[in-house]
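The primary structure of each chain is shown beneath.
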Amino acid sequence: MDTVTERYAALLTDYCVRAKPGDRVMLVVDTAALGLARALCRAVLAAGGEPFLRLQYPEMTADVAELACDALLASEAVVQLREIEQMQAYVRVAAQENSRVLAGVDQSRLAQLDKRLAAASRHRVEKTRWVTTVFPTPAAAQEAGMSTDAYARFVYDAMFLFDDDPSARWRELGERQQQLVDRLASADEVRIEGPGTD
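Thresholds, definitions, all that
- Residues numbered from 1 in each chain as written.
- Predicted model: local features only at pLDDT ≥ 70, side-chain atom pairs only at ≥ 80, totals over all residues.
- Heavy atoms only, no water.
- Buried < 20%, exposed > 50% of the residue type's maximum accessible area, 1.4 Å probe, protein only.
- Helix = DSSP H or I, 4+ residues; strand = E, 2+ residues; numbered from the N terminus.
- Arc of directions from axis to C-beta.
- Contact = heavy atoms within 4.5 Å.
- Salt bridge = Lys/Arg side-chain N within 4 Å of Asp/Glu carboxyl O.

Visitor: How do you make sense of helix α9 (residues 148-158) when you look at a structure like this?
Guide: Spacing of three or four residues puts side chains on the same side of an α-helix, whose turn is 3.6 residues. Residues of α9 that are buried: Tyr-151, Ala-152, Val-155 and Tyr-156. Taken end-on, α9 shows its buried residues confined to a sector of 125°, consistent with a single buried face. Opposite the packed face of α9, turned more than 90 degrees from it, sit the exposed residues Asp-149 and Phe-154. Against α1 (3-16), β4 (129-134) and α8 (138-144) lie the buried residues of α9.

What follows is the structure in structure tokens.
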């Protein structure tokens, strides 16, 4: 397994969701990021947690919206809610293979699907330590107007994955940002001066 992938998994499980012994961690990973899925499972296990891996193929949402019967779309997502209620942490890795995969899908059925999953999504956001991230793919590179290699370097560099300890870099950045937040919070008025400003 390559170092960048291991660092990516460590960043997501250590810094982002702070996986610890006894945690149940849901890993929802698009199939184009299969190598990262393994690294995530290994990182959760190394932290003393238990990974629950869910793979998603590119057309999964489109297939459900198109083919699910009306009764299914109108029903409560009981299993999905019960499943997320058992998790302490959640990692979502989007690895776009086709940026137009939902083109032509009935928007009202997509809205029904979103509504069906709303309680589970709300629980995930409010009650778990969670993160959503991207995995560089040729389709995402195309959307960015970049080559695949240049886009991967851009994504990995933005996450400090070429550093020896990406989590440490993010903690440093967090400390610097907190200083700015504290400074702004103590102000009654903020005025930006410079060329092109009022």
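Visitor: When you look at the pattern of salt bridges in this model, what are you seeing that I'm missing?
Guide: A pair can form between side chains of opposite charge whenever their charged atoms are brought close. Following the criterion strictly, the structure yields 10 salt bridges and no others. Ionic pairing is found between Asp-23 and Lys-20, a salt bridge with its closest N-O pair at 3.8 Å. Here Arg-109 ties to Asp-70 by a salt bridge, and the two come within 2.9 Å at their closest N and O atoms. Of this pair, Arg-109 sits in helix α6 (residues 107-116) while Asp-70 sits in helix α4 (residues 70-74), and the two are 39 residues apart along the sequence. Given the relative accessible area of 14%, Arg-109 is considered buried. In this structure, a network of salt bridges that share partners links the residues Lys-20, Asp-23 and Arg-129.

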